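# Coordinate inspection notes
Chain by chain, the residues run as shown.
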Amino acid sequence: MKITVSQQPVFKELMDNHACTLDVLEANKDTDWLITPECSISGYCLPPTLNNMFNVRTTQVQNSILKIKDRAKELGVKLALGSGIKDNDGFPYNAMMIWDNGNLKSLYKKRILTRGWEGGGERHYYLPGHVPNYFYLDDEQTIKASSMICNDFWGMPRVAPEGNPYYHHELAQNNVDVLFVSSNCNGEEPDALAKVWNENHLQVFAREFAMYVVHAGSATSINHMETNELQCASGVIGPDGEWIAKCKDSGMDSVTVELDILPRYKVVKASGHIFKRMGDDEDFD
Amino acid sequence: MKISTSQQPVYSDMDKNLATIIDVLDSTTDSDWVLTPEGSLSGYCSNVCHESTEKQKQEYFKVLNELETYLQKNKRSIALGTGHIEQDGFPYNQIRYYYQGNLIAAYNKQLLTKTAQGGLGEYYYYLPGQTSLEVEIAQDFTVGSLLCNDAWAFPSASPDGNPYLWKDYTQSNCVFVSANCSTDELDTTIYTWHENHLQLHAKLNKQYVVVSAATTDMVGNPVDFVQAPSGIIGPDGEWIAKCGHKGSDIATVEIE
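My aim in this report is to walk through the structure given alongside it, one point at a time. (Residues numbered from 1 in each chain as written. Chains lettered and ligands numbered in written order. Predicted model: local features only at pLDDT ≥ 70, side-chain atom pairs only at ≥ 80, totals over all residues. Heavy atoms only, no water.)

Looking only at helices and strands, chain A features 5 helices and 14 strands. By the compact-globule yardstick of 19 Å for 285 residues, chain A fits well, its C-alpha radius of gyration being 18 Å. Dimensions of chain A along its principal axes, counting C-alpha atoms only, are 60 × 45 × 35 Å. A buried classification covers 60% of the 285 residues belonging to chain A. Of the roughly 11600 Å² of accessible surface on chain A, a fraction of 48% belongs to carbon and sulfur atoms. Between the mean site of the 27 positive side-chain charges and the mean site of the 39 negative ones, chain A shows a separation of 5 Å. (Helix = DSSP H or I, 4+ residues; strand = E, 2+ residues; numbered from the N terminus. Rg over C-alpha atoms; globule rule 2.2 N^0.38 Å. Buried < 20%, exposed > 50% of the residue type's maximum accessible area, 1.4 Å probe, protein only. Areas by Shrake-Rupley, 256 points an atom, 1.4 Å probe, with all protein chains shown as cover. Lys, Arg positive; Asp, Glu negative; His and termini not counted. Charge placed at Lys NZ, Arg CZ, Asp CG, Glu CD.)

Following this line, the structure appears as structure tokens:
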């Protein structure tokens, strides 16, 4: 199974995002799955949002998503598409849509929206989701996957004052093999400690729960500006916590990894790990 | 004010622990405060726990009495990591604050380790604390208290997540972190997890962080590495003084 991670700019202009995502799709038409960054179609914290939903742009976002998923269907590529959406309840969510053969197979809505001590952040733009999502990457339904969006994964303390509930435990208990993570977290100023925080979280949780973590981050800042300081690498991390493939340190890039998912088992003895996979432990018998 | 933090072994033998602590105190006579690792007197998850015998309890209170006598006689101030049986008769994993020989406060570890697989980790040994503790260790200088997993909630030992107890200390000048977290082998990813949590929270709260970790593994055997750093981090999140990567060491910083 081929999985492609796209580290791509997230522009303010909707049509730029539309064109960019179609370009990435065409350039990776041989892949099985393509994952894009958080809000890669709508723009980050741009309509549809809580105070701005009933406008032309919301309709344009919906149309763009439909055209991109149709093109993905024509190419035979399955999509994990990050975008703000207006859901059936009429409210805006920060979402990852799982499109398979033109069908919306699964929809994840970001749960840990950013906010400061006194509110603000993404809470001013979206409603939070409340439940995890589960879907299979293959038609035989043997590889289970789930989604997280940015702060859901690493609960950056300055924007997650209630802490990090470690939703990963729930996903691991439900036998998730592959976790898709989309993000949009590049500040205007570089923050070396935050970069280590984000990347170390990806590696530790991948290893502790023996999951493949597939991360697609934005190549632009949260204000849709060019930046050379990405706050978290994009790429694929194996169940041993090591990077299998990594996008370059700045700018637009993509990596494709062919994954052969090994069976997973619980570690019996007390250890720093909870789960492992066959083949990555020489002592397994 | 001079603060020292000690990177030192934590044995299951309490007499050896007492001797180690007194050595550290003797070599930091010009320090105003000294921080020691988690369980540094009692041993980690041993001697003072739910299943400890009367003999173990008596031995613990004997060495504690000897240490308290030393502190009184020498007017020393220490933030002592140790298991302790409180007046309710239950064991807690504590940082005990002695100011010039007198006990002024005690913090009980809140985020005891446990696993999602039914393993209870430190719950087999201690009761969890319920509240955070800020202590004024000098005039207009307050410190918050965290013990090991309180500071970083390691995922496989924290199925309920990380509540970021640091938020209880946003107004503190400093946070003391007493740790004991080495396993059989050095794991650089886990070391980074620990170090990054300390640095990022120091920077976020704009406060000093003083950390003291053990040079032994969690059953008291010496190891030639540390799984968490010891030293003092400044309010900018950068290290001011850091102990060596292995073996006993002391870091001291003068804080205005």
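With that settled, the discussion passes to the interface of chain A and chain B. With 32 residues of chain A in contact, the opposing surface of chain B contributes 29 residues. For the chain A face of the interface with chain B, the top three residues by lost area are Tyr166, Leu193 and Trp197 of chain A, together amounting to 26%. Here chain A is connected to chain B by 2 salt bridges. Salt-bridge contacts for lysine 203 of chain B lead to aspartate 191 of chain A; the nearest nitrogen and oxygen are separated by 3.5 Å. Remark: the boundary between chain A and chain B carries 10 residue pairs in polar contact (both at pLDDT 80 or more). Of all elements in the fold, only α4 (168–173) and α5 (192–208) of chain A reach the threshold of two or more residues within the side of chain A that touches chain B. Per element, the largest residue contribution to the side of chain A that touches chain B is 11 residues, and it comes from α5 of chain A. (Contact = heavy atoms within 4.5 Å. Buried area = accessible area lost by both parts, 1.4 Å probe. Salt bridge = Lys/Arg side-chain N within 4 Å of Asp/Glu carboxyl O. Polar contact = N/O pair within 3.5 Å; in protein donor to acceptor, adjacent residues only side chain to side chain.)

Let us now look at the nonpolar core. Core analysis: the biggest nonpolar cluster contains 100 residues, and Val178 and Phe180 of chain A together with Tyr97 and Phe176 of chain B have the highest contact counts within it. At 7 residues, α5 of chain A tops the list of elements feeding residues into this core. (Core = buried A, V, L, I, M, F, W, Y, C linked by side-chain atoms within 4.5 Å.)

All names here are of chain B. With mixed pairing, 6 strands are arranged side by side in an open sheet as β6-β7-β8-β9-β10-β11. Pairing within the sheet leaves two strands with one partner each, and these edge strands are β6 (134–138) and β11 (239–242). Across this sheet, the average inter-strand angle for adjacent strands is 20°, counted without regard to direction. Two elements, β6 and strand β7 (residues 141–147), share 4 bridges in a ladder whose sense is antiparallel. Across the sheet, glutamate 136 pairs through a bridge with threonine 142, a residue of β7. Where helix α4 (residues 188–205) meets the sheet, its contacts fall on β8 (174–178), β9 (208–212), β10 (231–233) and β11, and the angle it forms with β11 comes to roughly 135°. (Pairing = 2+ DSSP bridges. Axes fitted to C-alpha atoms, helices over the stretch in contact; angles between N-to-C directions.)

This part takes up the packing of helix α1 (residues 14–26) of chain B against helix α2 (residues 54–74) of chain B. Residue and element names in this part refer to chain B. α2 packs onto α1 with a crossing angle of 15° between their chain directions and a minimal axis gap of 10 Å. With respect to each other, α1 and α2 are oriented roughly parallel. Taken as a pair, α1 and α2 cross one another with a handedness that is right-handed. Seen from α1, the contacting residues are Met14, Asp15, Leu18, Ile21, Ile22, Leu25 and Asp26; seen from α2, they are Gln56, Glu59, Tyr60, Val63, Glu66, Leu67, Tyr70 and Leu71. (Parallel < 35°, antiparallel > 145°, perpendicular 65-115°, else oblique. Left-handed = near helix turned anticlockwise from the far one by under 90°.)

Our focus in this paragraph is the sheet that holds strand β5 (residues 103–109) of chain A. All names here are of chain A. Judged by pairing direction, the sheet is mixed, and its 6 strands sit side by side in the order β5-β4-β3-β2-β1-β12 without closing on themselves. Strand pairing shows two members of the sheet lacking a second neighbour, β5 and β12 (253–258), which therefore form its edges. The mean inter-strand angle of the sheet, taken between neighbouring strand axes irrespective of direction, is 25°. Against the sheet, helix α2 (residues 56–75) makes contact with β3 (78–86) and β4 (92–100), and its axis sits at roughly 170° relative to β3, the strand it touches most.

Before going further, it helps to examine the layout of surface pockets. Empty space among the atoms becomes apparent when a probe as large as a water molecule is rolled across them. Residue and element names in this part refer to chain A. What the second largest pocket holds in volume is close to 400 Å³. For the lining of the second largest pocket, the elements supplying multiple residues, two or more each, are α3 (151–154) and α5. Counted by class, the lining of the second largest pocket contains 10 nonpolar, 7 polar and 2 charged residues. (1 Å grid on protein atoms, 1.4 Å probe; cavity = no way out; pocket = protein on both sides within 12 Å on 5 of 7 lines; lining within 4 Å. Points joined across faces, edges and corners; volume = space filled by probe spheres on them. Nonpolar A, V, L, I, M, F, W, Y, C, P; charged D, E, K, R; others polar.)

Let's shift gears to empty space enclosed by the protein. Counted by the stated rule, this structure contains 1 cavity of 30 Å³ or more. Trp117, Pro157, Ala160 and Pro161 of chain A together with Tyr164, Trp166, Lys167, His201, Leu204 and Asn205 of chain B are the residues that line the largest cavity. Residues of the lining of the largest cavity, tallied by class, amount to 7 nonpolar, 2 polar and 1 charged.

Residues and elements named next belong to chain A. Tallied over the full model, the rule gives 26 salt bridges over all chains. Between lysine 78 and aspartate 139 there is a salt bridge, with the nearest N and O atoms lying 3.4 Å from each other. Within this pair, whereas lysine 78 is found in strand β3, its partner aspartate 139 is found in the loop between β6 (135–136) and β7 (144–149), the two being separated by 61 residues in sequence. Lysine 78 gets classed as buried once you look at its relative accessible area, which sits at 14%. What makes aspartate 139 exposed here is its relative accessible area of 62%. Here lysine 110 makes a salt bridge to glutamate 122, at a shortest N to O gap of 2.9 Å. Remark: glutamate 122 occurs in the loop between β5 and β6 and lysine 110 occurs in the loop between β5 and β6; sequence separation between them is 12 residues. Here the two residues lysine 110 and glutamate 122 agree in accessibility, since each one is buried. Here the salt bridges do not stand alone but share partners, grouping Lys78, Asp100, Lys105 and Asp139 into one network.

As for its placement among the helices and strands, leucine 66 of chain A is situated in helix α2. Along the chain, leucine 66 of chain A and glycine 102 of chain A lie 36 residues apart, while their C-alpha atoms are 8.6 Å from each other.

Let us look at the packing of aromatic side chains. All names here are of chain A. The final tally for this structure, using the stated rule, is 14 aromatic pairs over all chains. Ring plane angle 85° and centroid distance 5.6 Å describe the contact between phenylalanine 153 and phenylalanine 205, whose orientation is recorded as edge-to-face. In this pair, phenylalanine 153 is assigned in helix α3 and phenylalanine 205 in helix α5, connecting sequence segments 52 residues apart. Both residues of the pair, phenylalanine 153 and phenylalanine 205, count as buried. (Phe/Tyr/Trp six-rings, centres within 6.5 Å; stacked < 30°, edge-to-face > 60°.)

So far we have only geometry, and geometry alone does not tell us how the molecule works.
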